[in-house]
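Descriptive structure summary
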Amino acid sequence: MTINQLLQTAATIQSRAASTTDAHGSPVSATSASTSVFCYIEQRPSAWSETLGPQNTARAEYLVVLPAGTTVDSSDRIVIGSTTYEVTSIPWSVKHAPTGVEHHVEVIVTEVTG
C-alpha cells in the first residue's frame, strides 16, 4: 500500500495563535489559518484518565499520518469529520531511509471528553 492509498480521510488543520487576553490576563488562542489535507487516523492504546472534582474525564489518543510537506505544530488542532483533536506531540517528519526524502508527517492527537 502506498502512502497516497493510506491518506483517504479529509482533515482540516487549524493553526492557533494567542490573539487576545481574557479578563485575568491569560492568553486566548484563536484560529489564525486553516489548511485542508487528506490523512490517516487510528486510535492508539491509552489508559489515561483524570478525576476532576466529581467528574471523571477520559482521554482517547490517536496517531494521525499526514502528507509529506504538511505544516503542523504542537499547538494546532485537527478537525476530522465533526470531531476536533488537539495535537499533543512534536510533529515527526518521517524520511525514506535510502534517500532521506520526507515520506510523511506523524503527530499524536487527543480527543478529550468529560
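Note that the structure is predicted; figures quoted are calculated from it, not measured. (Residues numbered from 1 in each chain as written. Predicted model: local features only at pLDDT ≥ 70, side-chain atom pairs only at ≥ 80, totals over all residues. Heavy atoms only, no water.)

**Observations regarding the overall build of the protein**
We apply this condition: Here a strand is any run of E in DSSP of at least two residues, a helix any run of H or I of at least four, and the numbering for each starts at the N terminus. Note on classification: 1.4 Å probe, protein chains only; a residue is buried when its accessible area is under 20% of the maximum for its type, exposed when over 50%, partly exposed between these limits. We call two residues contacting when some pair of their heavy atoms lies within 4.5 Å. All accessibility values rest on the Shrake-Rupley procedure with a 1.4 Å probe; residue burial counts only the protein chains present in the view.
Looking only at helices and strands, the protein has 1 helix and 8 strands in total. For the protein, the N- to C-terminal ordering of α and β elements is α-β-β-β-β-β-β-β-β. With 114 residues in all, the protein has 26% of them scored as buried. Excluding contacts between residues fewer than 6 apart, the proportion of contacts in the protein whose partners are at least 24 apart in sequence is 53%. A total accessible area of about 7100 Å² is found for the protein, and carbon and sulfur atoms account for 52% of it.

**As for the pattern of salt bridges**
Pairing between side chains becomes possible if they bear opposite charge and their charged atoms approach one another. What counts is decided by this rule: Salt bridges are counted wherever a side-chain nitrogen of Lys or Arg sits within 4 Å of a carboxyl oxygen of Asp or Glu.
What the rule picks out here adds up to 2 salt bridges. We note a salt bridge from Arg 44 to Glu 42, for which the minimum N-O separation is 2.9 Å. Judged by relative accessible area, Arg 44 falls into the partly exposed class, the value being 31%. According to the relative accessible area criterion, Glu 42 is partly exposed, its value standing at 26%. Arg 77 is the partner of Glu 86 in a salt bridge, and the nearest nitrogen-oxygen pair spans 3.1 Å.

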